[in-house]
Amino acid sequence: EYAFNVMLKAFWQANDNDGIVRTSRLMRQANVKPNAVTFTTLMKACARRGDVRRVRKCFHHMCEAGIKPDIVAYNTLLNALRMVGDLESAEKCMEDLEMDGIRPDVVTYNTLLKLYSEKGKLCEAKALTRRMASEGIQPSEITYNIMIDACGDAGDIDAAEREFSDMLARQVSPSVVTLTSLIYAHAKNGGLFAAIRTLRQMRETYGVSPNWISYACVIKCLDEQERHQEAAELRQEAFELGLQH
RNA sequence: CGUCCAACUAU
């Protein structure tokens, strides 16, 4: 059974949709029962093509096959809804899951937080983090990454910095994604100086190596402000570090 | 064995 699931995943990674369909047929012919993992893998494949309709169908097929969707299956459905921006269905999915007696986990919350962020609903996102805390779910590094983005996109750089401080206070280690998000939040909100400072602190204070994206956020902003000389220096520095683009 | 996060660009 695992073997088929692994095959599905392999075809998915190779972006081979026909392979996925053929493998599903093989499974039926071989009388191998799909499990929750099988369905989740298929749901993810449909979601990648933006076909939420088929994601929902997979989900229903799973239920009809007598397999109770677990938290991972719900999270996959929720993320598919997020990808098409269907907030209403996503909130309903959250209710359904709880009615099913399943506890939302940190991934569930992160996915919904990201959707609120994408909809520009910073207040709802913050409210959700409070609910998360009240349910005893600890925010992960990704939770903070999403909140930093949400604050930056909403133009509230102070809130972004507060999220970052909170993260450090709770001993959650920032990653290259966290720090790059913070750089981007500053750059986007007129804090070019702070963006550059953060790029420097990345290595020196947090022991994290910047990647090309970290540099690109600052370089683009410098170019927009006609500070081409500094931009060129950073490009050179990134090049010397072997960072590609 | 399956689910969540960052800039730009392309489709």
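For the structure, see preceding data.
Residues numbered from 1 in each chain as written. Chains lettered and ligands numbered in written order. Predicted model: local features only at pLDDT ≥ 70, side-chain atom pairs only at ≥ 80, totals over all residues. Heavy atoms only, no water.

A.B. asks: Explain unusual backbone geometry here, please?
C.D. replies: When glycine is set aside, most residues are seen to have a negative phi, and most peptide bonds are trans. One non-glycine residue, N31, lies in the positive phi region at around 60°. For N31, the position within the fold is in the loop between α2 (17-29) and α3 (36-48). Residue N31 is classed as exposed on the basis of its relative accessible area, which comes to 66%. One non-glycine residue, Q171, lies in positive phi territory at about 65°. With respect to the helices, strands and loops of the structure, Q171 is situated in the loop between α10 (157-169) and α11 (176-188). Assessed through its relative accessible area of 70%, Q171 is described here as exposed. (Helix = DSSP H or I, 4+ residues; strand = E, 2+ residues; numbered from the N terminus. Buried < 20%, exposed > 50% of the residue type's maximum accessible area, 1.4 Å probe, protein only.)

A.B. asks: Sorry if this is basic, but what is going on with the environment of M94 here?
C.D. replies: Turning to its location among the elements, M94 is positioned in helix α6 (residues 87-99). Judged by relative accessible area, M94 falls into the buried class, the value being 4%. Along the sequence, M94 and S173 sit 79 residues apart, while their C-alpha atoms lie 28 Å from each other. Every residue in contact with M94, bar those within four places of it in the chain, is listed here: P104, T108, Y109, L112 and R131. (Contact = heavy atoms within 4.5 Å.)

A.B. asks: Would you mind going over the packing of aromatic side chains with me for this structure?
C.D. replies: Here a ring pair, both rings aromatic, is described through the centre-centre distance and the interplanar angle of the planes. In total, this model carries 2 aromatic pairs according to the counting rule given. With centroids separated by 5.1 Å and ring planes inclined at 65°, the aromatic side chains of F59 and Y74 adopt a geometry described as edge-to-face. One end of the pair, F59, is in helix α4 (residues 52-64); the other, Y74, is in helix α5 (residues 71-83), with 15 residues separating them in the sequence. A ring pair is formed by F164 and Y206, whose centres lie 5.5 Å apart and whose planes are at 80°; its orientation type is edge-to-face. With a gap of 42 residues between them, F164 in helix α10 and Y206 in the loop between α12 (192-204) and α13 (212-224) connect regions that are remote in the sequence. Taking relative accessible area as the criterion, F164 reaches 4% and is therefore assigned buried. Classification of Y206 as partly exposed rests on a relative accessible area of 26%. (Phe/Tyr/Trp six-rings, centres within 6.5 Å; stacked < 30°, edge-to-face > 60°.)

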